[in-house]
Amino acid sequence: MSDKELISLHNKGRYEQVFNELVKNYSQRLYWHLRYYTASHEDADDLLQEVFIKVWQTLPNFRGNSSFYTWLYRITTNEAISWLRKQKVRAAIQFDKLDHVLSAKVESDPYFNGNEVERELQKAIATLSGVQKQVFLLRYYEEMPYEEISAILGSSVGSLKVSYHNAYNKIKEILQKKF
């Protein structure tokens, strides 16, 4: 079902049907978006449930100023950022760095089925700052144009390009040292 059809159903007050369609259409993409942030199947799965709870709660407030896709990614990204902040606090309490915690999750994740290069890429991504990580994940994995990323993150296209370039160079440097 297209976003236009979803908006039409939404405007008719058929929220539950719209919600079910959103889950069906977007849960896999949102899961992988969260998985790149969390580096863990369990954490991504838990966060995905929280995202859809938030979507259900805020769906009646959806105004249609953006597509459902952009709106969902905005909610998902915000939930991922909140989760990362909580993880950062937990890591600080344990006198550890968040990038080390996330790298350890990549190492110990039984659901990770990538090769050594993918594992090292995930560890390198874990070292990126918040904005760099967000832009890199949306651009590299989701292949989103900068204009959509701008709508999701609320930043200018120019600053997003700079952030992506810096993230790319940092990851490249890390991977060149490994291989």
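Preceding block: the structure.
A quick note: this is a predicted structure, and the numbers were derived from the prediction, not measured.

Enquirer: Account for the overall build of the protein, naming residues and giving values.
Expert: The helix and strand inventory of the protein stands at nine helices and zero strands. When the helices and strands of the protein are read in sequence order from the N terminus, they spell out α-α-α-α-α-α-α-α-α.

Enquirer: Would you mind going over the pattern of salt bridges in detail, with residue names and values included?
Expert: Going through the model one piece at a time under the given rule, you end up with five salt bridges. One salt bridge in this structure joins Glu-21 and Lys-24, with 3.9 Å as the shortest N-O distance. Residue Glu-21 and its partner Lys-24 are located together in helix 2 (residues 15-38), separated by three residues, close to a single helical turn. What makes Lys-24 exposed here is its relative accessible area of 61%.

Enquirer: Requested: an account of helix 3 (residues 41-58), with residues and values cited.
Expert: Residue pairs three or four apart in sequence face the same way in an α-helix, which turns once every 3.6 residues. Relative to the 26 Å expected for 18 residues at 1.5 Å per residue, helix 3 spans 25 Å between its end C-alpha atoms, a close match to the ideal helical length. Within helix 3, the full set of buried residues consists of Asp-43, Ala-44, Leu-47, Leu-48, Val-51, Phe-52 and Val-55. The arc enclosing the buried residues of helix 3, seen along the axis, measures out at 165°, which places them on a common side.

Enquirer: Please give an account of the nonpolar core that cites residues and values.
Expert: Membership of the largest hydrophobic core comes to 47 residues, with the highest contact counts inside it found for Leu-22, Leu-30, Val-55, Phe-68, Trp-71, Ile-125 and Ile-171. For this core, the secondary-structure elements that each account for two or more residues are helix 1 (3-11), helix 2, helix 3, helix 4 (68-93), helix 6 (116-126), helix 7 (130-141), helix 8 (146-153) and helix 9 (157-178).

Enquirer: Could you give me a rundown of helix 1, with the residues and numbers involved?
Expert: Along helix 1, the residues that are buried comprise Leu-6, Leu-9 and His-10. All buried residues of helix 1 project into a common sector of 100° when viewed along the axis, lining one side. Summarising the geometry of helix 1, the exposed residues directed more than 90 degrees from the buried face are Lys-4 and Asn-11.

Enquirer: Residue-level account of the packing of helix 2 against helix 3, with values.
Expert: Interaxial distance between helix 2 and helix 3 falls to 9 Å at its minimum, and their mutual angle equals 145°. Viewed along their axes, helix 2 and helix 3 form a crossing whose handedness is right-handed. On helix 3, the residues that touch Tyr-15, Glu-16, Phe-19, Leu-22, Val-23, Ser-27, Leu-30, Tyr-31, Leu-34, Arg-35 and Thr-38 of helix 2 are His-41, Asp-43, Ala-44, Asp-45, Leu-47, Leu-48, Val-51, Phe-52, Val-55 and Trp-56.

Enquirer: For the packing of aromatic side chains, give the residues involved together with the corresponding values.
Expert: Across all of its chains, the model carries 14 aromatic pairs by this definition. An angle of 75° between the planes, with centres 5.2 Å apart, marks the rings of Phe-19 and Trp-56 as edge-to-face. Residue Phe-19 is located in helix 2, and its partner Trp-56 is located in helix 3; the two are separated by 37 residues in the primary sequence. Summarising the aromatic geometry, the rings of Phe-136 and Tyr-140 are spaced 5.0 Å apart at their centres and angled 15° between planes, so their arrangement reads as stacked. Taken together, the positions of Phe-136 and Tyr-140, both in helix 7 and four residues apart, correspond to about one turn of that helix. Judged by relative accessible area, Phe-136 falls into the buried class, the value being 2%. Owing to a relative accessible area of 41%, Tyr-140 belongs among the partly exposed residues under this scheme. Chaining the aromatic ring pairs together yields one cluster made of Tyr-31, Trp-32, Tyr-36, Phe-136, Tyr-140, Tyr-141, Tyr-146 and Tyr-164. Taking NZ or CZ as reference, Arg-139 lies 4.2 Å from the ring centre of Tyr-146, over its face.

Parameters at a glance
- Residues numbered from 1 in each chain as written.
- Predicted model: local features only at pLDDT ≥ 70, side-chain atom pairs only at ≥ 80, totals over all residues.
- Heavy atoms only, no water.
- Helix = DSSP H or I, 4+ residues; strand = E, 2+ residues; numbered from the N terminus.
- Salt bridge = Lys/Arg side-chain N within 4 Å of Asp/Glu carboxyl O.
- Buried < 20%, exposed > 50% of the residue type's maximum accessible area, 1.4 Å probe, protein only.
- Expected span 1.5 Å × (residues − 1).
- Arc of directions from axis to C-beta.
- Core = buried A, V, L, I, M, F, W, Y, C linked by side-chain atoms within 4.5 Å.
- Axes fitted to C-alpha atoms, helices over the stretch in contact; angles between N-to-C directions.
- Left-handed = near helix turned anticlockwise from the far one by under 90°.
- Contact = heavy atoms within 4.5 Å.
- Phe/Tyr/Trp six-rings, centres within 6.5 Å; stacked < 30°, edge-to-face > 60°.
- Lys NZ or Arg CZ within 6 Å of the ring centre and 35° of its normal.

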